[in-house]
Amino acid sequence: MNIPKTDLPRLVIIGGGFAGVSLARNMIKEPVQVVLIDRQNYHTFQPLLYQVSTASLEPDSIAYPLRKIVKRSTNTFFRMAEVNAIDDKTQTVCTSIGDVTYDYLVIATGARTNFFGNQNIEKNAMRMKNLPQALNLRSLLLENLEQAVITSDPIKRKELLRFVLAGAGPTGVELAGGIAELKLNVLPKDYPDMNFDEMEIHLIEGADRVLPPMSVEASKKAYAFLSNMGVQIHLNTLVSNYEDNIVTTNTGTTIETATFIWSAGVTGAPISGIKATSLIPRANRYQVNSFNLIDGYTNIFALGDIALMKTDAYPKGHPMVAQPAIQQGKHLSKNLKRLFNNKEMVPFKYFDKGSMATIGRNKAVVDIGKFKFGGFFAWFVWMFIHLWFLVGFRNRFITFFNWSYNYINYDKAARLIVRPFKNKTSVTDKV
């Protein structure tokens, strides 16, 4: 790995997501050697992945080089590698480019798509947990449109123009809304010789409402927004199989589609080598205490989606979204500083800043404490918050410019097939 020897404590951070970046940025000026490891050389702003998939943004708008984050310190290093295992006895992280020892280890590997053991769906469905997958989805969507415009078979054309999404959480709702925006405002201009009344968007959800994690008010507003945009919503319905371009549900309904997107759940992305008793099996998340220490360890921490911290307010752990990860990373940096100065650590307390989801132009829903609202103002709040948390001025500027252009011109400028989609199983969810 070519990491210099040092007399300073060595802190190894696995994962360049929200939690890992939050921690690394707050440790740069401290008397500690920081080694940040990720299999990609960039941080992805995952809440906007769906906008890459639906041609609103280019990938470099929501990605930020990890080396730019760590370059401000001579004691901070980044290595692009895949972590294979952890040896907790020798305090060693084993990676694809070599081994590195640690004094303190932080696991912030995030989550991967959860297919709940359904191998056919895992093999055949599209997913959207990272940038390569988002680009694959964009390519498939545009390729199917190109095929639909040239086919003379009406049944095949409808199959190509039918988009089915499983899971009506924030990702599914935003993605369905993004595809509906394309149908209503963009594609008829690109394909004037195609009848877009044939294009269908189906959103399937196992619960009795869309956006189950949010308030009932937000669910009702989101349902109304989506329905008015032409999205067909199937509640209390579970997808049981997807094979040969046929979606099968538990109600016996079948839907023929060339584009099936799975956004129905996530699971933690653990690393081998940590004690099995520390892992919550069904969630695949590490049990941590109020200091984010993994059960059974005094120098190995877990942050973000991979960490399950049970509290009275969150008996099943904090929600697997950006804010808990960011806050835990920042809080752990303070606790590590206290630890280095022989002071007691302070328990983590999550401050819930609310939940939000956007459905389309001037359409969003926001839950902030007792305040629950939707429509244009919610959409404006959503836009401001997402711009604020993007990493880097350039990314904020480009994203704002693209959104302004899209808003004024009813257009999406990133409708490019720059990497033709070939193999649905070629990009994994590994962190």
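In this text, all values refer to a predicted model and were calculated from it rather than measured experimentally.

**Concerning a positive patch on the surface**
(1) Moving on: Residues Arg25, Lys29, Lys68, Lys71, Arg72 and Arg396 make up a contiguous surface patch of positive charge.
(2) Moving on: Residue classification places lysine 29 among the exposed residues on the basis of a relative accessible area of 80%.

**Thoughts on the environment of asparagine 299**
(1) Moving on: Mapping asparagine 299 onto the fold places it in the loop between β20 (285–287) and β21 (300–302).
(2) Moving on: The spatial distance from the C-alpha of asparagine 299 to the C-alpha of threonine 95 is 19 Å, given a sequence separation of 204 residues.
(3) Moving on: Those residues within four positions of asparagine 299 in sequence are excluded, and the remaining contacts are Gln91, Tyr102, Asp103, Tyr104, Leu105 and Leu293.
(4) Moving on: Of the polar contacts made by the side chain of asparagine 299, one reaches the backbone oxygen of aspartate 103; its length is 3.0 Å.

**Re the packing of helix α1 (residues 18–27) against helix α9 (residues 322–340)**
(1) Moving on: Packing of α1 against α9 leaves a shortest axis separation of 7 Å and a crossing angle of 35 degrees. The way α1 lies across α9 gives a crossing that is right-handed. Residue-level contacts link Phe18, Ala19, Ser22, Leu23, Asn26 and Met27 of α1 to Ala322, Ala325, Ile326, Gly329, Lys330, Leu332, Ser333, Leu336, Lys337 and Phe340 of α9.
(2) Moving on: Residues of the contact of α1 with α9, tallied by class, amount to ten nonpolar, four polar and two charged.

**Some words on the environment of tyrosine 50**
(1) Moving on: If you trace the backbone, tyrosine 50 turns up in helix α2 (residues 49–53).
(2) Moving on: For tyrosine 50, a relative accessible area of 6% puts it in the buried group.
(3) Moving on: Placed 87 residues apart in sequence, tyrosine 50 and leucine 137 show a C-alpha to C-alpha distance of 9.3 Å.
(4) Moving on: Only 2.9 Å separates the side chain of tyrosine 50 from the side chain of glutamine 51, close enough to count as a polar contact.

**A look at the packing of aromatic side chains**
(1) Moving on: The tally for this structure, following the rule as stated, stands at 13 aromatic pairs.
(2) Moving on: For the pair phenylalanine 373 and phenylalanine 377, a centre-to-centre distance of 5.3 Å together with 35 degrees between the ring planes defines the contact as tilted.
(3) Moving on: By relative accessible area, phenylalanine 373 is classed as partly exposed at 22%.
(4) Moving on: Residue class for phenylalanine 377 comes out exposed when judged on its relative accessible area of 53%.
(5) Moving on: Considering the side-chain rings of phenylalanine 376 and tryptophan 379, the 5.8 Å spacing of their centres and the 35 degrees angle between planes classify their relative orientation as tilted. Of the two residues, phenylalanine 376 and tryptophan 379 are both situated in helix α10 (residues 376–389); the distance of three residues between them amounts to about one turn of the helix.
(6) Moving on: In this structure phenylalanine 376 comes out as partly exposed when scored by relative accessible area, which is 47%.
(7) Moving on: One aromatic cluster is present, built from ring pairs that chain together Phe115, Tyr242, Phe260 and Trp262.
(8) Moving on: The aromatic ring of tyrosine 407 is capped on one face by arginine 361, whose charged end is 3.9 Å from the ring centroid.
(9) Moving on: Sitting over the face of the ring of tyrosine 410, arginine 361 holds its NZ or CZ atom 3.7 Å from the ring centroid.

**A look at the environment of serine 290**
(1) Moving on: Along the chain, serine 290 turns up in the loop between β20 and β21.
(2) Moving on: Look at serine 290 and you get partly exposed, because its relative accessible area is 28%.
(3) Moving on: Separated by 56 residues in the primary sequence, serine 290 and valine 346 place their C-alpha atoms 8.2 Å from one another.
(4) Moving on: Serine 290 has contacts with Met309, Val346, Pro347 and Phe348, leaving out every residue within four places of it along the chain.

**Concerning unusual backbone geometry**
(1) Moving on: Even without glycine at this site, alanine 55 takes up a positive phi of about 70 degrees.
(2) Moving on: Counting through the fold element by element, alanine 55 comes out in the loop between α2 and β4 (63–65).
(3) Moving on: The backbone phi angle of asparagine 245 is positive, close to 65 degrees, even though this residue is not glycine.
(4) Moving on: Here asparagine 245 shows up in the loop between β14 (239–243) and β15 (246–249).

**Looking at the pattern of salt bridges**
(1) Moving on: In this structure the tally under the stated criterion is nine salt bridges.
(2) Moving on: Put simply, lysine 337 and glutamate 30 hold a salt bridge, and the shortest N to O gap is 3.7 Å. Residue lysine 337 is located in helix α9, and its partner glutamate 30 is located in the loop between α1 and β2 (33–38); the two are separated by 307 residues in the primary sequence.
(3) Moving on: Take lysine 337: its relative accessible area is 25%, and that puts it in the partly exposed class.
(4) Moving on: We classify glutamate 30 as partly exposed; its relative accessible area is 23%.
(5) Moving on: Put simply, glutamate 159 and lysine 156 hold a salt bridge, and the shortest N to O gap is 3.5 Å. With glutamate 159 and lysine 156 both in helix α6 (residues 154–160) and three residues apart, the pair spans about one turn of that helix.
(6) Moving on: Through salt bridges with shared partners, a single ionic network connects Asp190, Asp411 and Arg415.

Rules used throughout
Residues numbered from 1 in each chain as written. Predicted model: local features only at pLDDT ≥ 70, side-chain atom pairs only at ≥ 80, totals over all residues. Heavy atoms only, no water. Patch = residues over 30% accessible without salt bridge, like charges linked within 9 Å, V, L, I, M, F, W, Y side chains within 5 Å. Areas by Shrake-Rupley, 256 points an atom, 1.4 Å probe, with all protein chains shown as cover. Salt bridge = Lys/Arg side-chain N within 4 Å of Asp/Glu carboxyl O. Lys, Arg positive; Asp, Glu negative; His and termini not counted. Charge placed at Lys NZ, Arg CZ, Asp CG, Glu CD. Buried < 20%, exposed > 50% of the residue type's maximum accessible area, 1.4 Å probe, protein only. Helix = DSSP H or I, 4+ residues; strand = E, 2+ residues; numbered from the N terminus. Contact = heavy atoms within 4.5 Å. Polar contact = N/O pair within 3.5 Å; in protein donor to acceptor, adjacent residues only side chain to side chain. Axes fitted to C-alpha atoms, helices over the stretch in contact; angles between N-to-C directions. Left-handed = near helix turned anticlockwise from the far one by under 90°. Nonpolar A, V, L, I, M, F, W, Y, C, P; charged D, E, K, R; others polar. Phe/Tyr/Trp six-rings, centres within 6.5 Å; stacked < 30°, edge-to-face > 60°. Lys NZ or Arg CZ within 6 Å of the ring centre and 35° of its normal.

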